[in-house]
Amino acid sequence: MSEPAILVKDLSKRYRIGSREPYQTLRNAITVSVAAAFRRLSSSALASPNGNAHQESDPAFIWALKNVSFEVQSGDVVGIIGPNGGGKSTLLKILSRITMPTEGHAEIRGRVGSLLEVGTGFNPELTGRENIYLNGTMLGMRRSEIERKFDEIVAFAEVERFLDTPVKRYSSGMYMRLAFAVAAHLEPEILLVDEVLAVGDIAFQKKCLGKIGEVAKDGRTVLFVSHNMVAIQSLCSRVIWLNQGKVMAEGKTAQVVFQYLKTSFSSLTEQVWANQTTAPGNDQVRLRRVCVRPADSSPSDPITMRTPIRMEFEFWNLVQGADIYLYFQLINNQGIVAFASSPIDGSGWNARPSPMGLFSTQCSIPADLLIAGQYRVLLSVVKDNYYEVYQLDDALVFEVQDAADLRSGWYGEMVGVVRPLLEWTTELIESQSPIELSEPVDSISRER
Amino acid sequence: MANKPAALQPVTFIRPTRPWMAIDLHELWEYRDLLYFLIWRNLKVRYKQTVLGAAWAVIQPFFTMVVFSIFFGELAGISSEGVPYPVFAFSALVPWIYFANAVTQASNSLIEHESVITKVYFPRLVAPIAAVLTGVVDFAIAFAVLVVMMLFYGIVPTSRIWVLPFFVLLGMATSLGIGLWLSTLNVQYRDVRHAVPFLLQFWLFATPIAYSSRLVPEAWRGLYGLNPMASVVEGFRWVLLGQGNLSTPLLVASVFMAGILLISGLYYFHRNEQTFADIL
C-alpha cells in the first residue's frame, strides 16, 4: 500500500474568541506588560490565577480543531461536512499552509492547490489578462505554465472579448468565472476546495462541479468542503464529518451524510408569540402562532408520507383595510423549494380589505404528496397581491418520515422532490400459453 | 504528473511554528515569478489614473532639492564643499527618497495584501521584497535625472563609479531590514502606519542630505555610521562627485548595522509569519 496523499495526526488549532486575534495597539501591549510585571512583583508569593497553564480551559480561547486525525489516499475525493464553526475551513487553511496548527502535524504528498475563496488576489485596476498572470503566480503557477494554459483559461472563463478590460468593469459573473478558471487550471496533485459553489449562478456552479469532477477522474486527490449535500454525494467517495473541531464520523459518503443530516436536524413544529409588540413582524403585520401537525391526530404524533398535514397560522393585521395574505414555501434539505402555496383562490379574506385584528389561517397538505425528508417553511406576508411585507425564515422545521407500508419490500433511495400517490392501471391485453387464464385480470394497482 | 509514485512527490510537513526553522530559500526561488508580477502590479497600479504618471518619481526628489537649495544652500549658507549645492543635495536625495519610499511601501506590504494572505499561501517574504524592489524603478528614473544634472553642471563621475552598485545594495539591504521589522510590527500594531512618516522625518535629518557629514565631529563618525543611510549618501557623493567624507569607521559601522537590521528583520519576520493570517 502506498503512502497516503494526506496524513493528518492529532491536529489542533486554538484561536482567541472572535476567531481572529484582535490586533493590538502598542500602548495596549505596553500597558499589559507593565501591569503584568507589577502583578508579578506584588504577588510573587501567591499563585497566579491567570497562568499559562490555565489556557486549556480559558474561555478566551476556543479550539477550532481538536485532535483531528485522518488519512486520505491518493486519488480519493473526500468531502468535509459539518455545521458552521465545525472546523472545516480551519482544517483547509492549515492544510494549505495559510495558518499553522497549534498542535499535531500533517503530511502532504504532492503539490497542493487551494481554492478557499474565488477571486482573492484579483486587482480591480488590472485587466483580465494581467490578473490571470498575477493570480496564477500567486496560486503557485510558473509563468511558463500560465502561458501554456492561457487560451484554455480564457476559453473556460468565456471572457475573450474583455481580456484587456480592467476587471473592475466585469460583471460579477465574469469575474467569478475568470477567477475560478485560473484556479481550476492549477493542476495540483491535491486540490483543496472550500465552498466555491456558494456563489455564482447555476451554469457557473455546474461548470465548477464539472471541473472538480474532471480533476478527480484524473486520479488526483480532492478535499472538498461544502454544505451542498447533493454536490457532496455526487462528487465524493468518502466523507469526513467535523463538529466542534472533532471528527464525528468518517466513511462512505451515503452513511456519513445520513448520520449527519439525522443529528443536525432539530424540528420546530410550533411557535407562539403571545406578546404582540415583540412578535416577529413589523408595523403592518405581526405573527402570533405558526404550527404544523398531523391533520387527524395529536400534534405530537409523527408525520409520515401517509399523514395528511395541517399548517396553522395566526397573525395580527395592524393596518385597517389592508389586503394581505400569507404565502409559504416548503424547502427540502437540499435547498429545493418543493412547492409554494398561498390562498389565491379568493377564499376567506383574500382579495378583500381586512379589518385590523387577529386572523387565523390554515392550509391542508394532503397525504401521499411529500417525499420523506426534512422541510423548512419560509413564511411570507404578501400585500396587495404583490408586495412582500414580511418574511420569516425557518418559521417551521419538520420531518416527514418514511412510511413502511409504501415500501413493499423495496428499501432503495426514493428520488424526486415530491412523491404523490398516483393512480395507475394495468391491464392484460392478451394472455399467452402455456397457462390459459379463465378470466382476464382487469386492474392491478400498486402502491409504492 | 498526477500518476507519479507518491514516494517521488515532494512532501510538505505541517507542524506548529518553530521559530528557528530555516527560511526556505528554494521555495522563495520557486515563487520568483510571483515576485516579478507583484513588482509589476505595484508599478502599474501606482500610476493608474494619475496625470503625471512616472514623472512623480522625479517630482518628489527634484522639488525637495529645490527647497533644500533655497533654504539650506542659499539662506542658511550650509557648505556643499565646492560642489554646486543643487547637485550636492540631489545626489543624496536620490538614494534617500528611494529608501523612504521603500520603507513606507514595505511596512504596508502585508496589510495591503491582507485579503490574499488570509486566503492563499505563498512565501510571505515575497511581499516586502517586492515593495523594496519596486522602488528601484523610480530610483533609476531619478538617477537618470541626476546624471542630466551632473552633465549640466559639467561634473564627471570619478573612476570609482563601479562601486556605486555596492552603495545601492547597502541602501536596499537597509530598506529591507527596516521594512521587515515594520511590516511585521504593522500586522499586530497598526500604530506603525502613523509612526513611519514621523520616523522617516527624523531619519532625514540624521542623514547628511542637507548638510555634509563633515559637520559631525570626527569622534562621533563611527556612531554616526550606525545610520547606514549616512554611508549610502556619502558613498554616492564619494563616487559621483569625488568628495572625500566617506571614512572607514563610518562605512564599517554602516555595513555592520545594515547586516544586523537585515538578519534580525528576517528572523523577526520569519518567526511571526505563520501567525499573520490569524491576526490580519
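Residues numbered from 1 in each chain as written. Chains lettered and ligands numbered in written order. Predicted model: local features only at pLDDT ≥ 70, side-chain atom pairs only at ≥ 80, totals over all residues.

1. Some details on the overall build of chain B
Now for step 1: A tally of regular secondary structure across chain B gives twelve helices and one strand.
Now for step 2: Counting from the amino terminus, chain B carries its helices and strands in the arrangement β-α-α-α-α-α-α-α-α-α-α-α-α.
Now for step 3: Here the analysis covers contacts within chain B between residues at least 6 apart in sequence; of these, 82% occur between residues at least 24 apart. (Helix = DSSP H or I, 4+ residues; strand = E, 2+ residues; numbered from the N terminus. Contact = placed C-beta atoms within 7 Å.)

2. So, helix 2 (residues 88–95) of chain A
Residues and elements named next belong to chain A.
Now for step 1: Most of helix 2 sits out of view: seven of its eight residues are buried.
Now for step 2: Turning to helix 2, its buried residues number three or more, namely K88, T90, L91, L92, K93, I94 and L95.
Now for step 3: R97 sits one or two positions beyond helix 2 and adopts a positive phi of about 65 degrees. (Buried ≥ 20, exposed ≤ 12 C-beta atoms within 10 Å, placed from the backbone.)

3. Brief notes about the interface of chain B and chain A
Now for step 1: Between chain B and chain A, the residue contacts involve 36 residues of the former and 49 residues of the latter.
Now for step 2: Listed by contribution, the elements that provide at least two residues to the side of chain B that touches chain A are strand 1 (11–14), helix 2 (32–46), helix 5 (114–117) and helix 12 (276–279) of chain B.
Now for step 3: By residue number, the principal contributor to the side of chain B that touches chain A is helix 2 of chain B, which donates six residues.
Now for step 4: Its residues placed into classes, the side of chain B that touches chain A shows 19 nonpolar, eight polar and nine charged.
Now for step 5: When strand 4 (residues 103–109) of chain A meets strand 1 of chain B, the two strands line up antiparallel, connected through four bridges. (Nonpolar A, V, L, I, M, F, W, Y, C, P; charged D, E, K, R; others polar. Pairing = 2+ DSSP bridges.)

4. Looking at unusual backbone geometry
A negative phi angle characterises most non-glycine residues, just as the trans form characterises most peptide bonds.
Residue and element names in this part refer to chain A.
Now for step 1: If you check the backbone angles, E158 has positive phi at about 55 degrees while not being a glycine.
Now for step 2: Looking at the element boundaries, E158 is found in the loop between helix 4 (143–157) and helix 5 (172–184).
Now for step 3: By C-beta crowding, E158 is classed as partly exposed, having 14 other C-beta atoms within 10 Å.
Now for step 4: For E187, which is not glycine, the phi dihedral falls at a positive 50 degrees.
Now for step 5: Within the element layout of this structure, E187 appears in the loop between helix 5 and strand 6 (190–194).

5. Here we look at the confidence of the model for chain B
Residue and element names in this part refer to chain B.
Now for step 1: On average, residues of chain B score 87 in pLDDT, and 95% of them reach the 70 mark or higher.
Now for step 2: Averaged over each element, pLDDT in chain B is lowest for strand 1 (78) and highest for helix 7 (residues 164–188) (95).
Now for step 3: Segment residues 1–7: pLDDT under 50, and 14 contacts once partners within four positions in sequence are set aside and those in other chains are kept.
Now for step 4: Scored as a complex, the prediction yields pTM 0.70 and ipTM 0.81. (pLDDT = per-residue confidence, 0-100.)

6. Some words on the domain arrangement of chain A
Now for step 1: Domain boundaries assigned for chain A yield domain 1 (6–12 + 69–264) and domain 2 (270–400).
Now for step 2: Look at where the C-alpha atoms of domain 1 of chain A and domain 2 of chain A centre, and you get two points 39 Å apart. (Domains from an automatic or database assignment.)

7. Side note on the sheet that holds strand 17 (residues 387–400) of chain A
Residues and elements named next belong to chain A.
Now for step 1: Pairing within the open sheet is antiparallel, and its four strands lie in the order 14-13-16-17. A single partner strand is all that each edge strand has here, and the edge strands are strand 14 (337–341) and strand 17. Taking each pair of neighbouring strands and ignoring which way they run, the sheet shows an average axis angle of 15 degrees. (Axes fitted to C-alpha atoms, helices over the stretch in contact; angles between N-to-C directions.)

8. Regarding the nonpolar core
Now for step 1: Of all hydrophobic cores here, the largest spans 146 residues; its most connected members are F224 of chain A together with A89 of chain B.
Now for step 2: Top contributing element to this core by residue count: helix 4 (residues 85–112) of chain B, with 17 residues.
Now for step 3: Other than its neighbours up to four places away in sequence, A89 of chain B contacts M65, F68, S69, G73, I209 and A210 of chain B.
Now for step 4: Membership of the second largest hydrophobic core comes to 26 residues, among which are L287, F313, L326 and F328 of chain A. (Core = buried A, V, L, I, M, F, W, Y, C linked by C-beta atoms within 7 Å.)

9. A look at helix 6 (residues 126–152) of chain B
Now for step 1: Between its terminal C-alpha atoms helix 6 of chain B stretches 40 Å, which fits the 39 Å expected from 27 residues at 1.5 Å a residue.
Now for step 2: Two residues or fewer past helix 6 of chain B, G154 of chain B is found with a positive phi of approximately 65 degrees. (Expected span 1.5 Å × (residues − 1).)

10. Topic: the environment of R32 of chain B
All names here are of chain B.
Now for step 1: Structurally, R32 can be placed in helix 2.
Now for step 2: You can call R32 partly exposed: it has 13 C-beta atoms within 10 Å.
Now for step 3: Along the chain, R32 and V126 lie 94 residues apart, while their C-alpha atoms are 8.3 Å from each other.

11. With respect to the pairing of strand 17 of chain A
Within a regular strand, side chains alternate between the sheet's two faces.
All names here are of chain A.
Now for step 1: Sheet topology places strand 16 (residues 373–383) next to strand 17; ten bridges connect them, and they run antiparallel. Each bridged residue has a counterpart across the sheet, and for V377 the counterpart in strand 17 is L396.
Now for step 2: Following strand 16, the chain reverses through three residues before pairing antiparallel with strand 17; D384 in that reversal takes a positive phi of roughly 50 degrees.

12. As for the sheet that holds strand 1 (residues 6–16) of chain A
Now for step 1: Read across the open sheet, the four strands follow the order 2(A)-1(A)-4(A)-1(B); overall the sheet is antiparallel. Each edge of the sheet is formed by a strand with only one pairing partner; in this case those strands are strand 2 (61–72) of chain A together with strand 1 of chain B. The mean inter-strand angle of the sheet, taken between neighbouring strand axes irrespective of direction, is 20 degrees.

13. Comments concerning the environment of P84 of chain B
Now for step 1: Residue position: P84 of chain B is located in the loop between helix 3 (56–75) and helix 4.
Now for step 2: Between the alpha carbons of P84 of chain B and I141 of chain B there is a distance of 21 Å; along the sequence they are 57 residues apart.

14. A few points about the environment of S89 of chain A
Residues and elements named next belong to chain A.
Now for step 1: In this fold, S89 is placed in helix 2.
Now for step 2: Here S89 falls in the partly exposed class, since 19 other C-beta atoms lie within 10 Å of it.
Now for step 3: Along the backbone, S89 and L134 are 45 residues apart, and their C-alpha atoms lie at a distance of 25 Å.
Now for step 4: When near neighbours in sequence (up to four residues on either side) are disregarded, S89 contacts D194 and V225.

15. Concerning the confidence of the model for chain A
All names here are of chain A.
Now for step 1: Averaged over every residue, the pLDDT of chain A is 80; residues scoring 70 or more account for 80%.
Now for step 2: When the criterion is pLDDT under 50, residues 43–56 qualifies, and its contacts beyond four places in sequence or with other chains add up to two contacts.
Now for step 3: Here residues 443–448 is a poorly scored stretch, pLDDT under 50, and it has eleven contacts once near neighbours within four places are set aside; other chains count.

16. What to know about the packing of helix 3 of chain B against helix 6 of chain B
Residues and elements named next belong to chain B.
Now for step 1: At a minimum axis separation of 8 Å, helix 3 and helix 6 run at an interaxial angle of 55 degrees. With respect to each other, helix 3 and helix 6 are oriented oblique. Classified by chirality, the crossing of helix 6 by helix 3 is right-handed. Facing helix 3, whose interface residues are A57, V58, P61 and F62, helix 6 presents D138, I141, A142 and V145.
Now for step 2: Of the residues in the contact of helix 3 with helix 6, the class split is seven nonpolar, no polar and one charged. (Parallel < 35°, antiparallel > 145°, perpendicular 65-115°, else oblique. Left-handed = near helix turned anticlockwise from the far one by under 90°.)

17. Digging into the packing of helix 3 (residues 128–138) of chain A against helix 2 of chain B
Now for step 1: Orientation of helix 3 of chain A relative to helix 2 of chain B, taken along the N-to-C sense of each, is 140 degrees, at an axis distance of 8 Å. In terms of their interaxial angle, helix 3 of chain A and helix 2 of chain B are classed as oblique. The way helix 3 of chain A lies across helix 2 of chain B gives a crossing that is left-handed. Taken together, the residues of helix 2 of chain B that come into contact with helix 3 of chain A (itself represented by Y133, L134, T137 and M138 of chain A) are D33, L34, F37 and R41 of chain B.
Now for step 2: Tallied by class, the residues present in the contact of helix 3 of chain A with helix 2 of chain B amount to five nonpolar, one polar and two charged.

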